[in-house]
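# Structural overview for review
Okay, here's what each chain looks like letter by letter:
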Amino acid sequence: MSPVIKRVGHTTASTPRPHILYTFEVDTDGKIDIVKKRYSEFAALSTALGVTNLELPPKRVLSTTFIPSAWVDDTLIAERKEGLKTYLTALLADPKYRDNGTLKQFLVPTLLASPRQFSFEDALPSTLSRKQAQALDVSTAATTFIAAAYYPDWSADAFPPESLDYSKFDILNFAFAVPNSSSTLTWDSGSQAILQRLVTSAKNSGKGTKIVLSVGGWGGSTYFHQACSSAANRSTFVSALSSAVTTYKLDGIDIDWEYPNNVGAGNPFGSADAANLLSLLTSLRTALGTSKIISAAVTDLPWIGSDGNPISDMSAYAAQMTYANLMNYDIFGDWSPEPGPNAPLGNLCGTSSQPQYSAEAAFAQWTAAKFPANKLLLGLPLYGYVLDSTKMVLTGSFVDPANVFSTAAAEQPIRGANKRPTHVAAAPAADKVGTAAAQTNLQSWWGQQIPFGSLVSSGALVKQSDGTYGQGGGFTEGWDNCSDTPFLFNTSQSTVVSYDDTFSLADKASFAKSKGMAGCFTWSLDQDDGTTLQNAIRAALGK
């Protein structure tokens, strides 16, 4: 008697990347087996059998890579489950296929549910059919997504402007000049000369890279409140900003006020900050004209209005601004009680203690506030956090049943606290000539940000032949499905590192593309392993 497919369900697995497994209850003469298969395995079976008279449920494609948030679409899961059950039942009923050894082997349960190779078809299907997606790709082919980055002035020695590959960057935000007590600008020693070199090198490259001056930063926002507080101060400040654009032949200004009507790094603030900032942006647009970039680095929630709540209508700001740069990072870090994701893609398990802080939440919150999607740039970190912990999972993002997290802590994360690197020297590199037992020790990084490039140079991450990265130096690599975040842990050294890699950054860049955002930017260029991460982001944006 041929096997009978009784029931079909589904589950998820995370190795080597999060994916969908379809589970089938197979009744063979009263013996019940549970068989778990990916969609791609069905496609391979169809090819091996040479099936021409039966059809699998339609393929569904994602723009470039896997977006875990699509898992919530139960209708599409149900569609594929029913289609696969119908297909398998039809094969078993057809004398041409039912006694084929390949089909019989397909129905044998295995210890490993499915092979480690990952196919994008194994991710939950998107809402578009392949035909629709291909048509969409054609219709949006003219759209140019932006791949931008911040270039800090302190990175000039290791990454001199003359050596940059400008083809990788559509916009470089030079960081930072800061407002001062006179409502003008203060510069770090030598930074103006570096900026001049950057502008000259970008122009000479012929790649069309735009150079924008970023003003402020976590430690440089002290005088924004004052500079915007009166018409006279705003006039002086706008004059200083427009003068910098003219003097250094810049393509625009990026306002990095952390944060209006919010405490930030202990900065002065007041209830009129957001309204005063709108007046500043309006005057700056008049001064710079329509062709220059005016952007602002912002949190996952819109600026705080005079009532103490995020502004519900940001359209007046959007009218003056070219982009809002969503700083979706520093959500969890060394200040968190347990390891958590630095830059979550989403609250994918519904367990986050800070559900308003993720790429998905930021997009939803800003667009709900009438800020156009095509003026939003998604911020991506090229660094992680190293914590003193023996955890083997990222639990820091979970809602704590014992209410360890206070309401205030859940509402507003600590952000950008260590933008300027405090750990200058890289951790000692692992002995790559020695035995496999050679260990990388990152304990000197406890409580600090660590650049991705330093994770690689230390030996904790090892670059693979395909350009991705894997564990090294005695560390074990894990993946947090609830935020789409890789992490490393070494329990013997009480060390956990939450970071982003080619996979997670590509997922977020793909999300930005799928939502019609303007593109992505990184903090910061100097923390990459060459341009490997930037390349992954550009590829996910279709560049």
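Quick look at the structure, then. Everything quoted here is computed from the prediction, not taken from an experiment. (Residues numbered from 1 in each chain as written. Predicted model: local features only at pLDDT ≥ 70, side-chain atom pairs only at ≥ 80, totals over all residues. Heavy atoms only, no water.)

Next up on the list: the overall build of the protein chain. Scanning the protein chain for helices and strands turns up 14 helices and 19 strands. A sequence separation of at least 24 residues applies to 73% of the contacts in the protein chain between residues at least 6 apart. By element, 53% of the accessible surface of the protein chain is carried by carbon and sulfur atoms, the whole surface being about 22100 Å². (Helix = DSSP H or I, 4+ residues; strand = E, 2+ residues; numbered from the N terminus. Contact = heavy atoms within 4.5 Å. Areas by Shrake-Rupley, 256 points an atom, 1.4 Å probe, with all protein chains shown as cover.)

Attention shifts here to the pattern of salt bridges. Per the counting criterion, the structure on display carries nine salt bridges. Its salt-bridge partner being D33, residue K31 comes within 2.8 Å of it at the nearest N-O pair. Classification of D33 as buried rests on a relative accessible area of 17%. Note that R197 is salt-bridged to E162, the shortest N-O span being 2.8 Å. Of this pair, R197 sits in helix 5 (residues 191-205) while E162 sits in the loop between strand 4 (146-152) and strand 5 (171-179), placing them 35 residues apart in sequence. The exposure class assigned to E162 is partly exposed, which follows from its relative accessible area of 49%. (Salt bridge = Lys/Arg side-chain N within 4 Å of Asp/Glu carboxyl O. Buried < 20%, exposed > 50% of the residue type's maximum accessible area, 1.4 Å probe, protein only.)

Along strand 8 (residues 252-256), five of the five residues are buried, which leaves the element largely enclosed by surrounding structure. Side chains G252, D254 and D256 project from strand 8 onto one buried face, and the interleaved I253 and I255 project onto a second face that is buried too. In the sheet, strand 7 (residues 210-216) pairs with strand 8 via five bridges, with the strands oriented parallel. Paired with G216 across the bridge in strand 8 is D256. Regarding the hand of the β-α-β motif, the stretch spanning strand 8, helix 8 (residues 273-288) and strand 9 (residues 293-298) is right-handed. (Pairing = 2+ DSSP bridges. Right-handed = clockwise from strand over helix to strand, strands pointing away.)

A few words on the nonpolar core. In this structure, L185, L213 and W303 are the most contacted members of the largest nonpolar core, which totals 90 residues. Residues within four places of L213 in sequence aside, it is in contact with F174, A177, L185, W187, L195, A244, L250, G252, I253 and D254. (Core = buried A, V, L, I, M, F, W, Y, C linked by side-chain atoms within 4.5 Å.)

What follows is about helix 14 (residues 532-540). By the criterion of burial, helix 14 is predominantly enclosed, with seven of the nine residues buried. Among the residues making up helix 14, those that are buried are T532, L533, Q534, A536, I537, R538 and A540. Where helix 14 ends, the next residue or the one after it, G542, has phi of about 80°, a positive value.

A few words on the pairing of strand 11 (residues 376-381). Of all six residues in strand 11, six are buried; the element is thus mostly enclosed. Examined bridge by bridge, strand 10 (residues 323-326) and strand 11 share three bridges and lie parallel to one another. Note on strand 11: the bridge partner recorded for A324 is L376. The parallel pair strand 10 and strand 11, bridged by helix 10 (residues 359-368), forms a crossover whose chirality is right-handed. One ladder, built from five bridges, connects strand 11 with strand 19 (residues 519-523); its direction is parallel. Paired with L380 across the bridge in strand 19 is T522.

Scanning all chains against the criterion turns up 22 aromatic pairs. Judged by centre distance (5.0 Å) and plane angle (75°), the ring pair of F42 and F106 falls under edge-to-face. With F42 in helix 1 (residues 39-49) and F106 in helix 3 (residues 101-106), the pair connects residues that are 64 residues apart, well separated along the chain. For the pair F42 and F106, one class covers both residues: buried. For the ring pair F176 and W523, a centre distance of 5.8 Å and an interplane angle of 20° mean the geometry is stacked. (Phe/Tyr/Trp six-rings, centres within 6.5 Å; stacked < 30°, edge-to-face > 60°.)

The five strands are arranged 13-12-18-17-16 in an open sheet whose pairing can be described as antiparallel. The open sheet has two edge strands, strand 13 (448-451) and strand 16 (476-480), and neither has a second partner. Strand-to-strand, the axes of this sheet are offset by a mean angle of 30°, without reference to chain direction. Bridge count for strand 12 (residues 383-388) against strand 13 is four bridges, and the pairing is antiparallel. The residue bridging Y385 from the neighbouring strand is Q449, located in strand 13. (Axes fitted to C-alpha atoms, helices over the stretch in contact; angles between N-to-C directions.)

Here the focus is the packing of helix 13 (residues 502-514) against helix 14. Running from N to C, helix 13 and helix 14 cross one another at 35°; their axes reach a closest spacing of 8 Å. For helix 13 against helix 14, the interelement crossing comes out right-handed. Between helix 13 and helix 14, the residues in contact are T502, L505, A506, A509, S510 and K513 and T532, L533, A536, I537 and A540, respectively. Taken together, the residues of the contact of helix 13 with helix 14 break down into seven nonpolar, three polar and one charged. (Left-handed = near helix turned anticlockwise from the far one by under 90°. Nonpolar A, V, L, I, M, F, W, Y, C, P; charged D, E, K, R; others polar.)

For helix 7 (residues 231-247), with 17 residues, the first-to-last C-alpha span of 24 Å sits near the 24 Å given by 1.5 Å per residue. Against the buried residues of helix 7 lie strand 5, strand 6 (185-187), strand 7, helix 6 (224-227), strand 8 and helix 8. (Expected span 1.5 Å × (residues − 1).)

This next bit is on the side chain of T495. On the secondary structure map, T495 appears in strand 18 (residues 495-498). Here T495 falls in the buried class, since its relative accessible area comes to 0%. A distance of 3.0 Å separates the side chain of T495 from the backbone oxygen of Q493, its partner in a polar contact. Once you skip the residues sitting within four places of it in the chain, T495 turns out to touch V386, L387, S389, L442, Q443, W446, F475, L488, F489 and N490. (Polar contact = N/O pair within 3.5 Å; in protein donor to acceptor, adjacent residues only side chain to side chain.)

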